[in-house]
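Inside the fold
What follows is the residue order along each chain.
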Amino acid sequence: MKSLFKQAFMPTPGGQMPGTAGVEEVYAAIEEAAALLNVPCSRDTVGPILTAFAPFEGGVIFSASAGERHAGDLDLTIQVPRRIADPYAHALANGFLEKTDHPVGSLLSDLHERCSIDEYLIDFGVVGGFNKVYVHFPRDVQSVSQLAAVPSIPPALAENAGFFARHGLDDVAMIAIDYRNRTTNLYFQVPGIEPKVILSMLQELGLPEPEQELLESAGKTFRVYVTLGWDSSKIERISFARSLDLPVIQARVEPEIKRFVTGTPYTYEGERFSISIVKWSPDGEWFNVGSYYQFGPLQWEVLRKILR
């Protein structure tokens with residue numbers, strides 16, 4: 001993995017990552033990626049979001065979920081340009097979301113007051129539309145206790161502080177705010193986890209014991225993330241992200257998922273960089289895959305440190 005990453009992601013002369021994609025270029029790439037999944041791509045849905053959050057100065061990532069319950073869409077994660085100071089307010093102003101009095105609507109501003117945020121990203125589905133804002137602060141990681149003090153954070157974070165402590169999870173580098181589902185994802189920065197620790201986590205959450213092969217693969221994670229809501233103290237889902245482990249996932253996903261993760265377009269030199277994520281919840285086990293179309297400087301820096 002080290003040699004592959006070095007080949008694919010060494011910076012160009014001057015230390016800069018390759019160019020900035022335009023709206024039409026990104027839309028064409030989305031159409032190509034969606035076709036690999038047999039997902040319909042409508043300019044009426046995608047075009048307004050791309051236009052509102054252009055130019056694309058940083059990362060652009062395609063992702064898809066396997067399994068009948070989770071299929072049917074292509075998700076895009078796009079770095080928010082510096083000209084947009086508040087991506088949630090921008091989404092409201094453009095009609096992508098409706099204003100709410102729920103705490104989910106206050107979380108971004110509360111985090112902004114307490115964290116040194118490096119960048120924002122948004123997530124939207126080609127079919128489903130605008131979903132999330134990611135708040136990324138890898139240079140100012142926050143502890144569970146610090147984030148539990150944020151007024152609008154789900155109380156479930158503090159209620160599960162013991163679980164996180166028992167399993168060595170404390171350094172949160174990113175939070176995703178899902179406005180449609182009214183949940184949050186907290187992304188813990190980790191240097192890998194022993195499979196027996198993952199098994200302990202799943203057992204404590206009351207989840208079935210997975211195959212050893214999956215435990216070994218998940219142990220190579222660089223970010224563990226949990227999904228929390230405001231209506232329950234339970235951890236709704238736990239996920240483990242790592243560089244693509246195609247030998248493990250290809251027998252467990254649909255053919256179009258393999259085609260997608262190995263065939264999506266990308267803009268940088270070297271080999272395509274993709275990730276695979278195994279997710280466990282009371283509803284079962286499934287996979288998500290992501291493929292980087294374009295890198296932002298911070299994303300490149302973070303991954304270089306993780307995978308070197």
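Here's what I pulled together on the structure shown here. Worth saying up front: this structure is predicted, and the values here are computed from it rather than measured.

On to the overall build of the protein. A count of helical and extended segments in the protein gives 13 helices and 10 strands. Dimensions of the protein, computed from C-alpha atoms along their principal axes, come out at roughly 45 × 45 × 40 Å. Looking at the 308 residues of the protein, the share that counts as buried comes to 56%. Pairs at least 24 residues apart make up 71% of the contacts formed inside the protein by residues separated by at least 6 positions. Averaging the coordinates of the 27 positive side-chain charges in the protein and doing the same for the 38 negative ones gives two points 5 Å apart.

This model, assessed by the stated rule, comprises nine salt bridges. Across the pair E24 and R43 runs a salt bridge, and its minimum N-O distance is 3.2 Å. One end of the pair, E24, is in helix α2 (residues 23-36); the other, R43, is in helix α3 (residues 43-52), and 19 residues separate them in sequence. Of the residues examined, R43 reaches a relative accessible area of 42% and is grouped as partly exposed. Of the charged contacts, one joins E113 and R114 as a salt bridge, the two residues approaching to 3.4 Å between their closest N and O atoms. It is possible to trace a salt-bridge network through shared partners that takes in D118, R139 and E301.

Now for the sheet that holds strand β8 (residues 237-243). One closed barrel holds the 10 strands; their spatial order is β1-β2-β3-β4-β5-β6-β7-β8-β9-β10, and the pairing between them is antiparallel. Adjacent strand axes in the sheet meet at a mean angle of 20°, parallel and antiparallel pairs treated alike. Contacting β8 and β9 (274-281), helix α9 (residues 195-204) crosses the sheet at an angle of about 160° to β8.

Time to look at the nonpolar core. L74, F240, F260 and W280 are the most contacted members of the largest nonpolar core, which has 87 residues in total. Excluding residues that lie within four positions of it along the chain, F240 makes contacts with I193, I198, M201, A218, T221, R223, V224, S276, I277, V278 and W280. By size, the runner-up hydrophobic cluster in this structure holds 17 residues, among which are Y134, A176, F222 and Y292.

A few words now on the packing of α2 against α3. With their axes 10 Å apart at the nearest point, α2 and α3 run at an angle of 140° to one another. Accordingly, the angle class assigned to the pair α2 and α3 is oblique. Both α2 and α3 take part in a crossing whose hand is right-handed. Residues V23, E24, V26, Y27 and I30 of α2 form the contact with α3, whose own contacting residues are R43, V46, L50 and T51.

To describe a pair of aromatic rings, you give the distance between the ring centres and the angle between the ring planes. Following the criterion strictly, the structure yields 15 aromatic pairs and no others. Aromatic pair Y268 and F295: ring centres 5.2 Å apart, planes at 70°, arrangement edge-to-face. With a gap of 27 residues between them, Y268 in the loop between α12 (255-263) and β9 and F295 in the loop between β10 (284-294) and α13 (297-307) connect regions that are remote in the sequence. Of the two residues, Y268 and F295, both sit in the buried class. Members of the aromatic cluster, each reached through a chain of ring pairs, are Y266, Y268, F273, Y292 and F295.

A few words now on unusual backbone geometry. Cis geometry marks the peptide bond from A54 to P55, where omega comes out at 0°. The residue P55 is located in the loop between α3 and β1 (60-65) in this model. With phi around 60°, N38 is a residue other than glycine that occupies positive phi space. Within the secondary structure, N38 is located in the loop between α2 and α3. One non-glycine residue with positive phi stands out, namely R182, at about 55°.

Moving on, we get to α12. By the burial criterion, the buried members of α12 are I257, F260 and V261. Down the axis of α12, the smallest arc covering the buried residues is 90°, so these residues share one side. Looking at the buried residues of α12, the elements they touch are α2, β1, α11 (246-249), β9 and β10.

Packing of α2 against α12 leaves a shortest axis separation of 8 Å and a crossing angle of 150°. Relative to α12, the element α2 lies roughly antiparallel. On the side of α2, the interface is formed by E32, A33 and L36, while α12 contributes E256, R259, F260 and G263.

Thresholds, definitions, all that
- Residues numbered from 1 in each chain as written.
- Predicted model: local features only at pLDDT ≥ 70, side-chain atom pairs only at ≥ 80, totals over all residues.
- Heavy atoms only, no water.
- Helix = DSSP H or I, 4+ residues; strand = E, 2+ residues; numbered from the N terminus.
- Buried < 20%, exposed > 50% of the residue type's maximum accessible area, 1.4 Å probe, protein only.
- Contact = heavy atoms within 4.5 Å.
- Lys, Arg positive; Asp, Glu negative; His and termini not counted.
- Charge placed at Lys NZ, Arg CZ, Asp CG, Glu CD.
- Salt bridge = Lys/Arg side-chain N within 4 Å of Asp/Glu carboxyl O.
- Pairing = 2+ DSSP bridges.
- Axes fitted to C-alpha atoms, helices over the stretch in contact; angles between N-to-C directions.
- Core = buried A, V, L, I, M, F, W, Y, C linked by side-chain atoms within 4.5 Å.
- Parallel < 35°, antiparallel > 145°, perpendicular 65-115°, else oblique.
- Left-handed = near helix turned anticlockwise from the far one by under 90°.
- Phe/Tyr/Trp six-rings, centres within 6.5 Å; stacked < 30°, edge-to-face > 60°.
- Arc of directions from axis to C-beta.

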